[in-house]
Structure formats: structure tokens, C-alpha cells
Amino acid sequence: QVLLEESGGGLVQAGGSLRLSCAASGRISSVYAMGWFRQPPGKEREFVAALTRSGSTSTYADPVKGRFTISRDNAKNTVYLQMNSLKPEDTALYYCAATDGSRWLIQATYQYWGQGTQVTVSS
């Protein structure tokens, strides 16, 4: 089992920044990649960003490119999502996820999920 716990969400004005953290525990050695997903109110969960465990490869959804940065600190077993220039449309419940599989760009591949942390961006 891999256990994930997100933190760092909150209320911020448009144009502001937040840094989300995801602490992992358990069978961390099995993790190939970590990702961030979000679920806006009334919508389905969508991909935000992902990063391989090695940290050598990352990818972002188009709406967040240039504004969000995913990173990890393997010594702390933690992955981060730095969110800058936040927009009201970024408002969502943000989830951290992990996968053992190499098909890390596919949402269905992610096996482990955190409880979510709420991000609300006011205009």
C-alpha cells in the first residue's frame, strides 16, 4: 500500500500563489510516478501535472502550463505543486496520486490517491 496525504490548499485571490504538498508513506519504492489531478465543482476529475520518481520527466495539462510546477523531494517522500498566477477557473479539489506503472500519462493507471485538498481562487 501507498498512502498519500495532501496539504497546502486554501483560499487565495486571483493572481496569487499556493504550494500544495503530498506526503507519501508505505511501499514507496514501488512508485514509478506521482501526479496531481483536480476536480472543479460539478465537473469530473482532470489531469493537472505528473512527474516520474526520478524527477527527469514531467508533463502538464495545457491550462496550467507556464503557471504550475510539479517537483519532488525523494528524501522527504513528498511531491509538490507550486501554483502561480492562479485563476478562478483553477478552483477545485486537488488530488495527489501515485502509480506503479510505466503508463504514467494515463489517469486510469494511478492506483493510489490522497483525500484531496481544496483550492479556491477568488476573482
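Scroll up a little and you will see the structure.
Residues numbered from 1 in each chain as written. Predicted model: local features only at pLDDT ≥ 70, side-chain atom pairs only at ≥ 80, totals over all residues. Heavy atoms only, no water.

If you trace the four strands from one edge of the open sheet to the other, you get β1-β3-β8-β7, paired in antiparallel fashion. Each having just a single partner strand, β1 (2-7) and β7 (68-73) make up the two edges of the open sheet. The mean inter-strand angle of the sheet, taken between neighbouring strand axes irrespective of direction, is 20 degrees. Where β1 and strand β3 (residues 18-26) come together, six bridges link them in antiparallel fashion. Its bridge partner being in β3, Ser7 is matched across the sheet by Ser21. (Pairing = 2+ DSSP bridges. Helix = DSSP H or I, 4+ residues; strand = E, 2+ residues; numbered from the N terminus. Axes fitted to C-alpha atoms, helices over the stretch in contact; angles between N-to-C directions.)

With that settled, consider the pattern of salt bridges. Using the criterion set out here, one finds four salt bridges in the structure. Glu46 serves as the salt-bridge partner of Arg38, at 2.8 Å between the closest nitrogen and oxygen. Residue Glu46 is classed as partly exposed on the basis of its relative accessible area of 28%. When the shortest N-O distance is used, the salt bridge between Lys65 and Asp62 registers 2.9 Å. Each of Arg38, Glu46, Arg67 and Asp90 takes part in salt bridges that share partners, so that together they form one network. (Salt bridge = Lys/Arg side-chain N within 4 Å of Asp/Glu carboxyl O. Buried < 20%, exposed > 50% of the residue type's maximum accessible area, 1.4 Å probe, protein only.)

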